[in-house]
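Geometric and topological summary
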Amino acid sequence: MRTAPDLRRLLGLAGWLTAAVVAVSAATSGLPAAPGDRVVTVVLTVVGVALWCLALLPRVTDVRMLTVAMLGTGIAGAVLDLVHPSGPGFVLAYMALSGIGLGLPRRLAVPAAVVVAAAAAGAEAATSDHPLSAALTLLAGAGALFLATLFAGASRDAHAQAQALLAQQAATRAAREEAAVLAERGRLARELHDVLAHTLSGLAVQLEGARLLAERTGADPRLAEQVANAQRLARDGMVSAKRAVATLRGEELPGPAQLPALIEQTRLAGLPVTLTVSGEPRPLPGESGLAVYRAVQEALTNAAKYAGRGATAAVTLTWTDTSLMAEVVDVGGNRVAAGLPSGGYGLAGLAERAALLGGRLDAGPTPDGWRVALTMPIPGDAADAAAPRPQEAFS
């Protein structure tokens, strides 16, 4: 099934071919004997074909200009038929009628077609041995052609209107779906704020009270230190919860630019961490940047929980023209002594997220600790890559 642009191109091609046929026919049909008639024939042919070609130009969309061009083509054809009966004058009149039916609104098409058909019928009657029969024959053919093109134009306009309505409905549906997603994100953000942030705030207050009590009662200093670390983790959890709420509300997603702050928080929590950046940083899509941030965050959290005392971690960001590799390696410590259970879902979720975005996550033990490496592709269009879009707040 051909689309409307395909049909328009075919009609335009047919129009140009018709103009070429008229020009060739005028050149080969023989000119009148009288010099004045020859000049008039050449001028009328040139004017008629030129006006028709003007109407075919895609940039000519003004209705008044199209009306003048079509009327000029039709009247030039009628006069040419009167001056040179054996020439292509009647073809120019038919061309004008088809263009009027296809290209002009009905309020202008009908009177313009009447003028062209009357002029062509008059010229045909004046040059025929049977004036009435010739005029009626031309009017019948012209009327049938005009009505056919008029209905074709109406059908084309109806098709274009239907396509516009379908596009409008699709845009409306997309807007409704986006509004529903935003509303759900807002609801989740409120729930997170009311439940998680308030709970962590209460936990931080309780831990502060426990720390003060441990100091006043002369408890083991290691207990006070552990309580202080737990309080610091609660505060970090509140920061992460606020960031998650902001993400759900459509604010900018965390990415590689926020990693220094994350590493500083990890240092304050008691895990020595170094950051090394090589290559020139480049823009990343919001989802890819979030995947990098979450991978480093998960790796550092696991190192703090499972590596045990004395462990250190190194974060390395390697930028190339086509990818970013984020590597986190922890060494030292005593994982067996740490003895904390692992749910095993954090890295699996990160690997799934990376695969959906075209990246790859590698994680596994090393002779001295544990290694997590995430490789994310960098799109070639930096402008598109720099535009963040909302995504899940949690891995």
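Read on for a plain summary of the structure.

About the cut-offs
- Residues numbered from 1 in each chain as written.
- Predicted model: local features only at pLDDT ≥ 70, side-chain atom pairs only at ≥ 80, totals over all residues.
- Heavy atoms only, no water.
- Salt bridge = Lys/Arg side-chain N within 4 Å of Asp/Glu carboxyl O.
- Helix = DSSP H or I, 4+ residues; strand = E, 2+ residues; numbered from the N terminus.
- Buried < 20%, exposed > 50% of the residue type's maximum accessible area, 1.4 Å probe, protein only.
- Patch = residues over 30% accessible without salt bridge, like charges linked within 9 Å, V, L, I, M, F, W, Y side chains within 5 Å.
- Areas by Shrake-Rupley, 256 points an atom, 1.4 Å probe, with all protein chains shown as cover.
- Polar contact = N/O pair within 3.5 Å; in protein donor to acceptor, adjacent residues only side chain to side chain.
- Axes fitted to C-alpha atoms, helices over the stretch in contact; angles between N-to-C directions.
- Parallel < 35°, antiparallel > 145°, perpendicular 65-115°, else oblique.
- Contact = heavy atoms within 4.5 Å.
- Nonpolar A, V, L, I, M, F, W, Y, C, P; charged D, E, K, R; others polar.
- Pairing = 2+ DSSP bridges.

Thoughts on the pattern of salt bridges
For the structure on display, the rule yields 4 salt bridges. Two residues, Arg267 and Glu264, come together in a salt bridge whose shortest N-O distance is 3.2 Å. Here Glu264 and Arg267 lie together in helix H8 (residues 259-268), a separation of 3 residues that amounts to about one turn. For Arg267, a relative accessible area of 38% puts it in the partly exposed group. On the basis of relative accessible area, Glu264 is assigned to the partly exposed category, the value being 37%. Across the pair Arg371 and Glu327 runs a salt bridge, and its minimum N-O distance is 2.5 Å. Pair noted here: Arg371 is in strand E5 (residues 369-377) and Glu327 is in strand E3 (residues 323-331), with a separation of 44 residues, a long-range link. By relative accessible area, which is 22% here, Glu327 ends up partly exposed.

Section: a nonpolar patch on the surface
A surface patch of nonpolar side chains, amounting to about 230 Å² of accessible area, comprises Val39, Val43 and Val47. The class of Val39 is exposed, set by a relative accessible area of 53%.

A short note on the environment of Asp62
Relative to the helices and strands, Asp62 is located in the loop between helix H2 (35-56) and helix H3 (63-83). Counting along the chain gives 42 residues from Asp62 to Leu104, while the straight-line C-alpha distance between them is 9.9 Å. Reaching out from Asp62, the side chain makes a polar contact with the backbone nitrogen of Arg64 at a distance of 3.2 Å.

Let's talk about the packing of H3 against helix H5 (residues 106-126)
Where H3 contacts H5, the axes come no closer than 7 Å and their chain directions differ by 10°. On the basis of the axis angle, H3 is roughly parallel to H5. Where H3 approaches H5, its residues Val63, Thr67, Met70, Leu71, Gly74, Ala78, Asp81 and Leu82 are matched on the opposing element by Leu108, Ala112, Val115, Val116, Ala119, Ala120, Ala123, Glu124 and Ala126. Of the residues that constitute the contact of H3 with H5, the class distribution is 13 nonpolar, 2 polar and 2 charged.

Digging into the sheet that holds strand E2 (residues 312-319)
The strand order across the open sheet built from 5 strands is E1-E2-E3-E5-E4, with neighbouring strands paired in mixed fashion. Because the sheet does not close on itself, it has two edges, and the strands there are strand E1 (273-278) and strand E4 (360-366). With strand direction ignored, the average angle separating the axes of adjacent strands in the sheet is 10°. Bridge analysis of E2 against E3 gives 8 bridges, and the strand direction is antiparallel. Bridge assignment links Thr312 to a residue of E3, and that residue is Val331. The sheet strands contacting H8 are E1 and E2, and the helix crosses E1 at an angle near 160°.

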